[in-house]
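Next come the chains, spelled out residue by residue.
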Amino acid sequence: MKENLRQKFNDIMLQKDGRLTKELALESSALGLGKLPQRLLPDRTATMVCGYCSTGCSLTVHLKNNEPVNLTPTVHYPVNLGEACPKGWEALTPLKAHDRATTPYRKDRSGKLVPVDWDTALKSFVENFKRIQDKYGKESVAFLSTGQICTEEMALLGALAKFGMGLLHGDGNTRQCMATAAVAYKHSFGFDAPPFSYKDLEESDVLVFVGANPCIAHPIMWQRVSRNKNNPQIIVVDPRKTETAMAATKHYALLPKTDLILFYGLANILIERGSIDEKYIAQHTVDFEAFKIHVKTFTPESVSRSTGLSVLQLNEFAAIIAAGQRVSFWWTMGVNQGYEGVRTAQSLINLALMTGNIGRPGTGANSITGQCNAMGSRLFSNTTNLLGGHDFLNAEHRTKIAAILNMDTLLIPDRNSLAYDQILESIPVNKIKGLWIIATNPSHSWINQSEFREHLKSLEFLVVQDMYHTTETAQMADLVLPAAGWGEKGGTVINSERRIGLFKKVAPAPGAALADFYIFKAIARYWGCEELFKEWSSPEAVFQILKKISKGTPADIMGIKDYRMIDNHGGIQWPLRENEELIETERHLLADGVFYHHDGKARFLFDPIRPPPEETDEFYSFVLLTGRGTSSQWHTQTRTGKSPVLRKTYPQNLYVEINPFDAQRLKIQPHQWVFITTKRGRIKAQAKIMATIQPGQIFLPMHYEETNKLTFPAFDPYSRQPSYKLSAAHVAKNL
Amino acid sequence: MIKQNSMDDFLKEQQDLSAVEKFSIAHDLKQLPAAQSLYKELIPKTTPGPGQQYAFEVNLDQCSGCKACITACHNENGLDEDEIWRSVGQIHGGTTQSPVIQHITTACHHCLDPACLNGCPVNAYEKDTATGIVKHLDDQCIGCQYCTFTCAYDVPKYHKKKGIVHKCDMCISRLNVGEAPACVRACPTAAIRVTLVDVQAVRNDPNHFVQIPDAPDSRYSLPTTRYLRKEKFPENMESNDSYTVTPEHSHSPLIVMLVLTQFSVGAFGAGLFLRHVLADPIRVKMISYHALMALVVGVMALGVSVFHLGRPLYAFRAVLGLRKSWLSREIVVFGLFAFFAACYALTIWPYFVERWMGHWEKNYLRQIQDVFAILTSATGLLGVLCSIMVYQVTRRPFWDHPMTAIKFYLTTAITGISSTLLVAVSVALSTGIDISSLMEALGKTGCEVLAILTAVKLLSEASLFGHLQERQWTSLKKTAFLMKETFPYVTFWRFLLGTLGGVILPLYLQSAYASLEIHTLIWIVVFICLLSLIAEFLERYLFFRAVVPLKMPGARMS
């Protein structure tokens with residue numbers, strides 16, 4: 001008794017266990033997941049591909065009573081090998097955000113978005129768009145799609161819009177990230193075929209990263225680099241000393257947008273020193289002689305003057321490439337978002353071709369993609385290309401697709417769509433009066449934001465389809481359609497290395513939100529063209545249609561039986577032809593050296609250098625660069641901004657990186673608010689004084705709404721991709 | 001034509017989750033953690049031997065700054081929505097030719113001499129003997145948050161809803177079964193690992209651990225995390241938040257508690273003085289009302305302090321930490337102070353004296369009163385010393401400064417004198433004693449002393465603004481900056497009211513009391529007391545809000 005009391009007293013005085021301790025106690029999950037929080041112990045799991053970037057990591061979602069409660073990155077998946085970046089770890093959080101669109105909204109007379117039911121919303125959709133089409137012609141309604149939804153949804157959207165609703169013009173936000181790479185491959189190789197697998201990152205002995213910061217933008221690809229056992233040379237070409245540049249063995253901080261000059265110069269040095277693979281060039285390429293003459297004028301001295309790199313550095317760079325047995329070239333937005341982006345990407349392709357660094361393990365000219373399904377969009381969005389990489393202008397292609405889809409060939413347009421920027425330019429001249437924007441937030445992300453918003457204002461009807469009714473774009477809409485998000489729908493996406501992975505539905509969507517797939521189906525019904533899509537009954541049924549479309553193309557996936565097969569194999573890369581056995585889980589292309597042009601040969605493509613579209617002057621004396629801030633921020637932050645944990649990992653205010661010399665000259669104190677002005681606008685940002693940015697340059701992260709008020713609207717002439725990486729800016733402490 | 005309810009099929013399909021069944025996996029119940037292959041090289045093969053403990057080791061050359069560790073820790077430990085136990089800071093420097101940026105991932109350093117543990121008044125921290133991991137006992141915690149002050153690495157985090165602190169335990173229950181902590185498991189580049197360190201090595205060369213520019217001095221608590229980097233950092237590295245100045249929480253119950261305990265102690269001190277200089281019959285009245293006032297304020301102060309606790313019901317546990325925690329000592333000593341103060345007030349209150357102690361010998365009674373009076377003042381002064389130590393041991397430069405002692409003791413004196421003036425004048429008024437002669441005898445000196453002490457206090461506080469001239473953004477410069485830029489009004493009023501109530505009015509009263517009307521005089525005394533008190537509250541508000549905590553570099557985002 002006494003003992004008992006004493007024990008009780010001790011427990012009250014010093015309590016080592018109890019309710020609060022148990023709340024955080026871990027318990028063995030017995031699901032191969034190790035210990036997990038007791039209250040979040042799952043009873044089942046479902047693996048699915050992440051819905052943020054193109055790396056295409058697999059996440060194992062923990063389910064408890066059929067509800068997703070937590071997740072961990074999938075260990076046995078060839079892409080991420082058990083790891084994920086913070087966005088992936090936090091992927092479930094944005095689904096629960098309080099500002100999810102749970103019902104359609106329509107703008108009332110006072111200009112406020114008010115909830116309406118689906119019937120009202122879709123009748124309004126059809127009425128308004130048909131009215132505009134009657135008044136201004138069928139082509140006066142256009143759509144802007146995305147790299148964030150499933151391939152099946154993109155295909156349905158493209159088919160519905162172009163074959164069902166009679167639209168001609170449609171593009172996607174992939175124009176902002178991947179158009180350059182797609183065009184570069186298409187013209188050089190004959191098909192948009194990024195030839196690599198991530199395994200190449202582990203197998204190279206020289207890796208060249210151009211305008212890419214995988215440490216921050218693609219941490220899981222960087223994971224593969226960190227596992228490279230060849231003690232590789234890692235070269236980073238970037239004006240800024242990024243995290244990746246820090247981790248590199250060589251960093252070449254060239255002047256902004258002198259990359260094309262640099263790579264022509266490198267080609268010249270390699271030719272001069274005879275470090276080229278003449279046999280490969282002769283057997284597998286054409287136009288090398290013309291290229292040789294073209295680059296002859298890019299002497300080390302002139303290249304040094306233009307790029308700011310020394311002749312020594314140029315020779316060193318060339319020597320490293322020449323000495324490499326397996327050299328791979330990797331690029332992303334620094335190249336793609338340039339006014340000469342296509343030629344720059346092709347200058348890297350040219351380097352790979354002329355040194356024979358292609359088609360072998362650890363080699364290649366490799367474009368790292370942006371969004372989770374940018375690659376799906378490139379193949380199946382039915383915007384720039386006819387479904388499956390076909391050509392709208394080609395009658396044979398039109399007939400083929402119409403036959404597969406059981407449609408009248410005449411429904412398929414025989415003209416190409418305008419590109420994104422051209423669609424926007426058509427608004428003020430009354431050529432486009434209705435616009436339908438799906439799963440993208442261009443009021444934040446499009447270049448020269450103020451002009452973009454002006455354009456939207458002069459539309460007669462704007463429909464925005466999104467998970468949130470609060471995005472900058474949705475707030476401008478006449479009609480908002482509430483979409484289900486990642487985790488609330490099924491379908492496939494294609495990652496950077498051509499791997500088709502699965503999205504799965506593990507949670508019901510909130511309220512009346514619907515998967516984009518069902519929204520498109522419902523629109524078909526209300527538009528009166530449901531019959532056309534009766535075979536498109538479910539995402540998996542559409543997948544079977546897409547397979548047939550792919551047959552015989554370089555991206556042939558007839559060998560993929562169904563979703564189950566994709567799930568069982570940890571994703572499957574295209575191509576996989578009918579009856580082809582899937583042996584390797586990580587495959588690269590072009591091992592046979594046969595390219596996709598009719599003659600099987602790759603092209604050397606090149607152009608003279610053009611001056612930058614906006615040059616600095618005495619007043620606008622800074623070159624403004626933009627790009628990713630941290631790995632926990634995604635694009636316009638519509639999703640990552642919803643996670644309180646992620647919000648703790650990056651500055652809440654817009655900041656501008658500026659070199660200490662410039663800061664001293666302008667008497668700018670650290671952390672001080674400064675004004676940044678371009679000919680498009682003026683914004684405020686907090687000064688972050690860092691030697692990692694060169695004098696005369698400033699850097700703004702793209703995740704803050706203000707940034708694109710400043711950017712200069714220049715476009716690559718081949719890909720029409722906006723050039724976000726070069727504007728002339730003025731920086732001042734006071735106005 | 002569109003049928004009625006024509007959206008029903010889509011809405012129904014959207015809510016249908018049967019596909020989850022189809023594509024989910026119910027696992028083999030005996031399955032080992034699949035992630036083991038990721039981390040088996042990253043945790044020790046054996047448990048710590050004698051003289052060893054577990055420690056984090058971070059390979060900075062591998063850390064790419066992706067911050068997956070933060071989110072993995074959050075998810076794998078089932079933390080609340082916005083709760084994080086690990087953070088990643090950024091430091092940068094070097095030259096334009098050779099710039100450097102480095103991300104620093106940091107969690108608990110599982111110190112040999114943990115400041116959280118040493119500060120905890122209720123022994124809610126344990127240094128695990130087998131592993132060396134510093135564990136927080138959630139159910140023992142009373143939510144006083146003192147560990148969030150004492151930890152130099154900003155590790156313990158207060159969880160408001162639960163009213164307790166949480167912190168990293170190196171996933172001890174995972175380590176115990178051969179699994180890796182969440183952060184180790186989740187690092188894509190294997191930059192974080194758990195190693196065994198020799199305790200003696202940490203003691204011999206503390207600065208070898210958490211050796212990062214801008215990090216707090218490792219000799220303070222002997223952290224065990226090692227940060228490896230091939231190249232040395234350049235001299236000029238600074239952290240991402242070197243220039244961010246963010247106010248801290250105001251901890252308002254602590255403001256009230258500190259000012260009012262000091263008020264009460266000061267009043268009892270002045271009472272002790274009154275006891276000896278005054279003569280009966282006014283003496284009894286004066287000292288008994290005065291003691292009552294001081295007691296009420298003191299008890300109120302201690303009462304309010306309980307509101308600072310997340311779990312006030314368990315406040316009694318605060319006696320446990322007496323051996324090492326200044327907070328525990330503060331609580332116990334002020335508890336004694338309150339007890340003696342009550343005893344004193346009781347033994348001098350005329351009613352009780354007459355009723356129960358009337359038959360006692362006068363001298364004997366007086367001796368008892370003296371003993372209680374002295375004990376009250378002594379424990380009071382000791383309590384204020386404990387308060388000072390509570391803040392000094394945090395090593396935060398604004399608190400770990402002679403100024404804290406000056407402030408706390410001068411607050412004691414200023415509020416003590418000004419309140420005594422008020423009581424004296426009111427008692428005099430109610431008993432019809434000649435106020436002029438009272439002023440002559442006591443008030444004049446009181447006013448002079450008050451004016452001098454207040455002036456000294458204001459000047460010493462104002463000297464802080466000298467740090468604004470420094471080129472480096474030192475901690476004290478940031479504090480001065482916060483006062484000047486973030487709290488300009490509070491700072492302004494603190495100095496204005498302090499000067500008015502503590503210097504100008506007392507000096508005026510001292511020189512002009514003879515010619516003043518009685519009501520004016522009383523109003524002036526009321527204002528002296530009130531304004532001084534408000535000014536002291538404002539001073540203490542700034543004491544909490546303008547302090548700059550110690551932390552790992554760059555770990556706090558603005």
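Before reading on, note that the structure itself is shown above.
Here's a quick rundown of the structure. Bear in mind that the values here come from a model prediction, so they are computed numbers and not experimental data.

Residue and element names in this part refer to chain B. Structurally, Val-210 is set in the loop between α9 (199-204) and β9 (226-228). Given 26 C-beta atoms within 10 Å, Val-210 falls into the buried group. Once the C-alpha coordinates of Val-210 and Ser-430 are considered, the two residues, 220 residues apart in sequence, prove to be 65 Å apart. Setting aside residues no more than four positions away along its own chain, Val-210 makes contact with His-109, Ala-215, Ser-218, Pro-223, Thr-225 and Tyr-227.

Further remarks concern the environment of Phe-163 of chain A. With respect to the element layout, Phe-163 of chain A can be found in helix α5 (residues 151-164). Those residues in contact with Phe-163 of chain A that lie beyond four places of it in its chain are Met-407, Leu-411, Ile-412 and Leu-532 of chain A.

Attention now moves to the nonpolar core. By size, the foremost hydrophobic cluster in this structure holds 361 residues, and its most contacted members are Leu-156, Leu-160, Val-208, Leu-266, Leu-348 and Val-463 of chain A together with Cys-183 of chain B. Other than its neighbours up to four places away in sequence, Leu-348 of chain A contacts Val-210, Phe-263, Phe-329, Trp-331 and Ala-365 of chain A. Phe-622, Leu-624, Ala-685 and Ile-693 of chain A belong to the second-largest nonpolar core, a separate cluster that totals 30 residues.

Residue and element names in this part refer to chain B. What the 3 strands build is an open sheet, ordered β8-β1-β9; its pairing is mixed. The two strands at the open ends of the sheet, each matched to only one other strand, are β8 (192-198) and β9. Here the strands of the sheet are splayed against their neighbours by 35° on average, with no regard to which way each runs. Of the strand pairs in this sheet, strand β1 (residues 52-59) and β9 are connected by 3 bridges, and their pairing is parallel. Bridging from a neighbouring strand, Asn-59 pairs with Leu-228 of β9.

Another aspect to go through is the pairing of strand β26 (residues 681-689) of chain A. All names here are of chain A. The pairing of strand β24 (residues 655-658) with β26 spans 4 bridges and is parallel. Considered in β26, the bridge of Ile-658 is made with Ile-689. Between strand β25 (residues 673-678) and β26, which pair antiparallel and follow one another directly, the connecting turn spans 2 residues.

Quick look at the interface of chain B and chain A now. The interface is formed by 70 residues belonging to chain B together with 84 residues belonging to chain A. Of all the elements in the fold, those that place two or more residues in the side of chain B that touches chain A are α1 (8-15), α2 (18-23), α3 (36-39), α4 (68-76), β2 (87-94), β3 (99-106) and α7 (172-175) of chain B. The element best represented in the side of chain B that touches chain A is α4 of chain B, accounting for 6 residues. In terms of residue class, the side of chain B that touches chain A is made up of 32 nonpolar, 27 polar and 11 charged.

With that settled, the discussion passes to unusual backbone geometry. Residues and elements named next belong to chain A. The residue after Trp-574, namely Pro-575, is reached through a cis peptide bond having omega 0°. Residue placement: Pro-575 occurs in the loop between β21 (572-573) and β22 (602-603). Even without being a glycine, Asn-430 presents a positive backbone phi close to 65°. The topology assignment puts Asn-430 in the loop between α21 (420-425) and β16 (434-438). For Asn-430, a count of 12 C-beta atoms within 10 Å corresponds to the exposed category.

Another aspect to go through is the packing of helix α12 (residues 259-272) of chain A against helix α14 (residues 288-296) of chain A. Each pair of packed helices gets described by two things: the angle between the helix axes and the distance between those axes. All names here are of chain A. As a packed pair, α12 and α14 sit with axes 9 Å apart at the nearest point and diverge in direction by 110°. Considering their axes alone, α12 and α14 lie roughly perpendicular with respect to each other. The residues of α14 that touch α12, namely those facing Tyr-264, Ala-267, Asn-268 and Ile-271, are Lys-292, Val-295 and Lys-296. Here the residues of the contact of α12 with α14 sort into 4 nonpolar, 1 polar and 2 charged.

Calculation criteria
- Residues numbered from 1 in each chain as written.
- Chains lettered and ligands numbered in written order.
- Predicted model: local features only at pLDDT ≥ 70, side-chain atom pairs only at ≥ 80, totals over all residues.
- Helix = DSSP H or I, 4+ residues; strand = E, 2+ residues; numbered from the N terminus.
- Buried ≥ 20, exposed ≤ 12 C-beta atoms within 10 Å, placed from the backbone.
- Contact = placed C-beta atoms within 7 Å.
- Core = buried A, V, L, I, M, F, W, Y, C linked by C-beta atoms within 7 Å.
- Pairing = 2+ DSSP bridges.
- Axes fitted to C-alpha atoms, helices over the stretch in contact; angles between N-to-C directions.
- Nonpolar A, V, L, I, M, F, W, Y, C, P; charged D, E, K, R; others polar.
- Parallel < 35°, antiparallel > 145°, perpendicular 65-115°, else oblique.

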